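If you want the building blocks of each chain, they are given just below.
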Amino acid sequence: MNKYLIFRTDRIGDFIFSRVLTQAIKKKNSKNIIDIVCSKYNHDYIKKYKDIRNIYPFDKYDPLLLVKNFLKINNENYDYIIILDGKRRSLFYSIFLKSKYKIAVLKDFRPSIFLRLFFDKYFINTEFNDQYYNFSILCNYLHLVIPNKINYFESHVILKDKYKTLTKGALMLHLDEKWFEELYHHDYKYMNLNYQNFNFLIKNIFKKFKKNIIITTGTRKIKELDKIINLYFQKKNDNLYYSKKYFKKLIFIQKSSFLELESIAKNCKIIICCEGAISHVSHALKVNTIALVNKNNLETALYWTNHMDQVRLVYRDKLKEVCRQINKVQF
Amino acid sequence: MKKFKILHIADLHIRHNARLFYSTGKKLNNGFILNGHNVVNISDRDVTNQNKNIFDIGSRKLLYKTIKHNIENFKPDLIIMGHVDRLNYETFYNLKKRYSSIRFSQWFLDPLNKNGPDFQKNKDRFYLKYQFCDSNFITTAVDALDFVSPNKTFFIPNPIDSSIDIYRNYESNKPIDLFLAISHGQHRGTLKHDFIDDRVNLIKKISNKISSNIFGYKKNPVWGQKFFDELNNCSMALNLSRGKPIKHYSSDRIASLMGNGLLTFIHEDYKYSDFFNLDELVTFKNINDLNKKLVFFKKNIKLQKKIAKKGCEKAHKIFDNKIIADFIVRKTMQIKFNNKYSWFNE
């Protein structure tokens, strides 16, 4: 039996992908113990996984929490500390932690002296290969066998969908901040989605897929979406809105937690979203998915999605062009 | 097929003064050239050997610089690497990042056998380049290993070169029955003191009814033309590799034995029966079975020559260096391979 501490302080999608590693660890010996250092934001989500024993929330601006966790971790005497997120904060934090073996998955080789001095093994999470391939190499270094079939949701219970009657067999359109300019990477192409052309998008999706549409968002406040809700929807309860024109055929579920999104995604037949955590979930749930990716970063997109056989990629572009591409998609 | 510009980085043993003129690196190199590709070589270990500098231990920087200059001048379509162990992981990453449009590939001949010699060391050497290579070629069956991706890793047999493996021992009667050559490393050339070689246990039990020409046990191994001269005195050969047998692995010596027309004996657990029929190669279960078969074929010279001939012809056909070189290039450049041979794992 070995004790593993994994640093995954980045986004939920990254954590979901890392399930291949946790699965491989458990497959080797079901008594192996896995603890995670994660961001405060992901803490509640990761808590739902039964095979993760302890979760240490990481916040570089909270020195008290850092010290508290440091003491707790050092009492555990881990066999392996694995830095999966490649963040410098994780690298620096981990060098003071006790463990028999330290391995880091990096974005680059800096700071090289630290790496050589404090890590037994390090390798780069390069985009020359897809993530799955890189993880298979990591598993090899750890003498683990990577599972052929990725079952992200082993040991994880998906919440009951409280809107099941509405979402069953529908199309989920996930409008998170990645759709809207200035809310995500500045060098990305944006779809210029706004309250004026919103109907154009909806009509196109209705025409192509002939399914009810469930619009979901993340927890982040997006002004343009508020405008859309005010114009085209009427409130049904807390965060549920019906379309003024299409009624139950087009509903808006506002500000869902990731756990709620997961449960909605499970009931839907098709998902349209920007590539990210939702496309990882949809892949895991085997739901046909259209993921919007940046054409200039295709290598990055493939690095994340190459192993996802039911995900179709559509390039981020002006809304008209995005709709044209969606119309051509075949599952 | 399009002719490619290939940068082949592999040890061509220039510093050994032709002692290893029949090395696998050379045979593959010949294969690339004979297939019409434009090949430039860097003999990595000769480069690192020619220049010693206390500020560049192991001549790593020199080798990296040499490779970079060659790439800049030659602009290859693909880089094929042999056992390039002198460069470290970061250097390979830098090369791949800098020249991302070039396809990278490696061939690896040493055993990757958990129950074999130097497993961890060999695995680490193989893994050094594995992440940056578009294709990897190994001499162990891919399905016998649980740590390589079958999408990017392919089996290749040890190549036979018709310009090197020129003898046809079955054509005449030979003064000695059995040829057996082992070594403690071909670069070293001589036997190590106090080195325990598991193959010796079997060698000691070979029947004394058989006359034998054994090198690497009690006598130092032979190299260069002397190796072929000694081999040419024998009608049969025993192919022995270190460690427990693993599917399809063999030391590169098998190419010299079968390729020069000796009746070759190999342990059945290597599963060479996947490539050769019973009338082309002799497999054995254990030492008793081996001794029985050796004595049988010593007495039945006609049958011995017949099997040796058929085995040699088949080996030249399916293990030909041009075919293997073509396979490496096509797999790396993602070009369909039309011919089917028993060793392809597509």
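This text follows the structure it describes.
Residues numbered from 1 in each chain as written. Chains lettered and ligands numbered in written order. Predicted model: local features only at pLDDT ≥ 70, side-chain atom pairs only at ≥ 80, totals over all residues. Heavy atoms only, no water.

### Here we look at the packing of helix 9 (residues 287-299) of chain B against helix 10 (residues 301-318) of chain B
Residue and element names in this part refer to chain B.
Reasoning step 1: Put simply, helix 9 and helix 10 touch, their axes get as near as 5 Å, and they point 105° apart. Judged by the angle between their axes, helix 9 and helix 10 are roughly perpendicular. Between helix 9 and helix 10, the residues in contact are Phe296, Phe297, Lys298 and Lys299 and Ile301, Leu303, Gln304 and Ile307, respectively.
Reasoning step 2: Residue composition of the contact of helix 9 with helix 10, by class: 5 nonpolar, 1 polar and 2 charged. (Axes fitted to C-alpha atoms, helices over the stretch in contact; angles between N-to-C directions. Helix = DSSP H or I, 4+ residues; strand = E, 2+ residues; numbered from the N terminus. Parallel < 35°, antiparallel > 145°, perpendicular 65-115°, else oblique. Contact = heavy atoms within 4.5 Å. Nonpolar A, V, L, I, M, F, W, Y, C, P; charged D, E, K, R; others polar.)

### Some remarks on the interface of chain B and chain A
Reasoning step 1: Listed as interface residues are 16 residues of chain B and, on the opposing side, 17 residues of chain A.
Reasoning step 2: Across the chain B to chain A interface the summed buried area is about 1500 Å²; carbon plus sulfur atoms make up 58%.
Reasoning step 3: Our enumeration of links across chain B and chain A arrives at 1 salt bridge.
Reasoning step 4: Here Arg116(A) makes a salt bridge to Glu90(B), at a shortest N to O gap of 3.5 Å. (Buried area = accessible area lost by both parts, 1.4 Å probe. Salt bridge = Lys/Arg side-chain N within 4 Å of Asp/Glu carboxyl O.)

### A look at the environment of Asn233(B)
Residues and elements named next belong to chain B.
Reasoning step 1: Assignment of secondary structure puts Asn233 in the loop between helix 7 (224-231) and strand 9 (234-238).
Reasoning step 2: We classify Asn233 as partly exposed; its relative accessible area is 30%.
Reasoning step 3: Taking the C-alpha atoms as reference points, Asn233 and Asn339, separated by 106 residues in sequence, lie 36 Å from one another.
Reasoning step 4: Setting aside its immediate chain neighbours within four residues, Asn233 contacts Lys174, Pro175, Ile176 and Asn213.
Reasoning step 5: Reaching out from Asn233, the side chain makes a polar contact with the backbone oxygen of Asp229 at a distance of 3.5 Å. (Buried < 20%, exposed > 50% of the residue type's maximum accessible area, 1.4 Å probe, protein only. Polar contact = N/O pair within 3.5 Å; in protein donor to acceptor, adjacent residues only side chain to side chain.)

### A short note on the side chain of Gln131(A)
Residue and element names in this part refer to chain A.
Reasoning step 1: Counting through the fold element by element, Gln131 comes out in helix 7 (residues 131-141).
Reasoning step 2: Under the relative-accessibility criterion, Gln131 is labelled buried at 1%.
Reasoning step 3: Side chain to side chain, Gln131 and Asn125 meet in a polar contact 3.2 Å long.
Reasoning step 4: Not counting residues up to four positions away in its chain, the partners in contact with Gln131 are Phe17, Asn125, Tyr303 and Trp304.

### As for the nonpolar core
Reasoning step 1: By size, the foremost hydrophobic cluster in this structure holds 119 residues, and its most contacted members are Leu5(A), Leu21(A), Tyr45(A), Ile82(A), Leu138(A), Phe153(A) and Phe258(A).
Reasoning step 2: Per-element accounting of this core gives the leading share, 7 residues, to helix 7 of chain A.
Reasoning step 3: Residues Phe4(B), Ala10(B), Ile160(B) and Ala315(B) belong to the second largest nonpolar core, which totals 37 residues. (Core = buried A, V, L, I, M, F, W, Y, C linked by side-chain atoms within 4.5 Å.)

### A look at the packing of helix 7 of chain A against helix 5 (residues 119-130) of chain B
Reasoning step 1: Two numbers describe how helix 7 of chain A lies on helix 5 of chain B: the axes approach to 12 Å, and their chain directions differ by 160°. Considering their axes alone, helix 7 of chain A and helix 5 of chain B lie roughly antiparallel with respect to each other. In the crossing of helix 7 of chain A with helix 5 of chain B, the sense of the turn from one axis to the other is left-handed. Together, Tyr133(A), Ser136(A), Ile137(A), Asn140(A) and Tyr141(A) of helix 7 of chain A and Lys123(B), Tyr127(B) and Tyr130(B) of helix 5 of chain B make up the contact between the two elements. (Left-handed = near helix turned anticlockwise from the far one by under 90°.)

### Quick word on helix 10 of chain B
Residues and elements named next belong to chain B.
Reasoning step 1: A rise of 1.5 Å per residue sets the reference length of helix 10, with its 18 residues, at 26 Å; its end C-alpha atoms lie 25 Å apart and thus fit the reference within 8%.
Reasoning step 2: Along helix 10, the residues classified as buried are Gln304, Lys305, Ile307, Ala308, Gly311, Cys312, Ala315, His316 and Ile318.
Reasoning step 3: Of the surrounding secondary structure, the elements contacted by the buried residues of helix 10 are strand 9, helix 8 (253-259), strand 10 (263-267) and helix 9. (Expected span 1.5 Å × (residues − 1).)

### A word on the packing of aromatic side chains
Reasoning step 1: Enumeration over the complete set of coordinates arrives at 56 aromatic pairs over all chains.
Reasoning step 2: Grouped by ring-pair contacts, the aromatic residues Phe123(A), Tyr133(A), Tyr141(A), Phe108(B), Phe119(B), Phe126(B), Tyr127(B), Tyr130(B) and Phe147(B) constitute a single cluster.
Reasoning step 3: In this structure, Lys96(B) packs its charged tip against the face of Phe128(A), placed 5.8 Å from the ring centre.
Reasoning step 4: A cation sits over an aromatic face here: Lys123(B) above Phe147(B), 4.9 Å from the ring centre. (Phe/Tyr/Trp six-rings, centres within 6.5 Å; stacked < 30°, edge-to-face > 60°. Lys NZ or Arg CZ within 6 Å of the ring centre and 35° of its normal.)

### Things to note about a positive patch on the surface
All names here are of chain A.
Reasoning step 1: Together, Lys160, Lys164, Lys168, Lys266 and Lys269 make up a region of like positive charge exposed at the surface.
Reasoning step 2: Looking at the element boundaries, Lys160 is found in the loop between helix 7 and helix 8 (164-167).
Reasoning step 3: By relative accessible area, which is 81% here, Lys160 ends up exposed. (Patch = residues over 30% accessible without salt bridge, like charges linked within 9 Å, V, L, I, M, F, W, Y side chains within 5 Å. Areas by Shrake-Rupley, 256 points an atom, 1.4 Å probe, with all protein chains shown as cover. Lys, Arg positive; Asp, Glu negative; His and termini not counted. Charge placed at Lys NZ, Arg CZ, Asp CG, Glu CD.)

### Points about the environment of Arg220(A)
Reasoning step 1: Positionally, Arg220(A) belongs in the loop between strand 8 (213-216) and helix 10 (223-232).
Reasoning step 2: When sequence neighbours within four positions are dropped, the list of residues in contact with Arg220(A) reads Glu177(A) and Leu183(A).

### A word on the sheet that holds strand 6 (residues 153-155) of chain B
Two pairing modes exist for strands in a sheet, parallel and antiparallel, and in both the strands are linked by backbone hydrogen bonds.
All names here are of chain B.
Reasoning step 1: Strand order in the open sheet made by the 6 strands is 2-1-3-4-5-6, with parallel pairing throughout. The open sheet has two free edges, formed respectively by strand 2 (38-42) and strand 6, since each of these has just one partner strand. Each neighbouring strand pair of the sheet contributes to a mean axis angle of 20°, computed without reference to strand direction.
Reasoning step 2: Two elements, strand 4 (residues 103-108) and strand 5 (residues 135-138), share 4 bridges in a ladder whose sense is parallel. Bridge pairing in strand 5 links Phe108 to Ile138.
Reasoning step 3: Sheet strands in contact with helix 3 (residues 60-74) are strand 1 (5-9), strand 2 and strand 3 (78-81), and its direction is about 165° off that of strand 2. (Pairing = 2+ DSSP bridges.)

### Re the sheet that holds strand 13 (residues 288-293) of chain A
Residues and elements named next belong to chain A.
Reasoning step 1: One open sheet holds the 8 strands; their spatial order is 9-10-11-8-7-12-13-14, and the pairing between them is mixed. With one partner strand each, in any of the chains shown, strand 9 (233-237) and strand 14 (311-315) form the two edges of the open sheet. Averaged over all adjacent pairs, the angle separating strand axes in this sheet is 25°, with direction ignored.
Reasoning step 2: Against the sheet, helix 13 (residues 298-305) touches strand 13 and strand 14, its axis set at about 165° to strand 14.

### Concerning the pattern of salt bridges
Reasoning step 1: A complete count under the given rule lists 36 salt bridges over all chains for this structure.
Reasoning step 2: For Lys47(A), the salt bridge goes to Asp44(A), with nearest N and O atoms at 3.7 Å.
Reasoning step 3: In this structure, Glu72(B) engages Lys75(B) in a salt bridge whose closest nitrogen and oxygen atoms are separated by 3.6 Å.
Reasoning step 4: One connected set of salt bridges, linked through shared partners, spans Lys3(A), Asp35(A), Arg53(A) and Glu76(A).

### Examining the pairing of strand 1 of chain B
All names here are of chain B.
Reasoning step 1: Burial analysis of strand 1 places 4 of its 5 residues in the buried class, the great majority of the element.
Reasoning step 2: Sheet topology note: the strand 1/strand 2 ladder contains 5 bridges and is parallel. Within the sheet, the bridge partner assigned to Lys5 lies in strand 2 and is Asn38.
Reasoning step 3: For the segment spanning strand 1, helix 1 (residues 24-34) and strand 2, crossover handedness is right-handed.
Reasoning step 4: Relative to strand 3, strand 1 runs parallel, the two sharing 4 bridges. For Ile6, the partnering residue across the bridge sits in strand 3 and is Leu78. (Right-handed = clockwise from strand over helix to strand, strands pointing away.)

### Here's the deal with a nonpolar patch on the surface
Residue and element names in this part refer to chain A.
Reasoning step 1: Taken together, Phe92, Ile113, Phe114, Leu117 and Phe118 make up a surface patch of nonpolar side chains, about 480 Å² in accessible area.
Reasoning step 2: With 4 residues, helix 6 (residues 112-118) is the largest single contributor of residues to the nonpolar patch.
Reasoning step 3: On the basis of relative accessibility, which here comes to 31%, the residue Phe114 falls in the partly exposed class.

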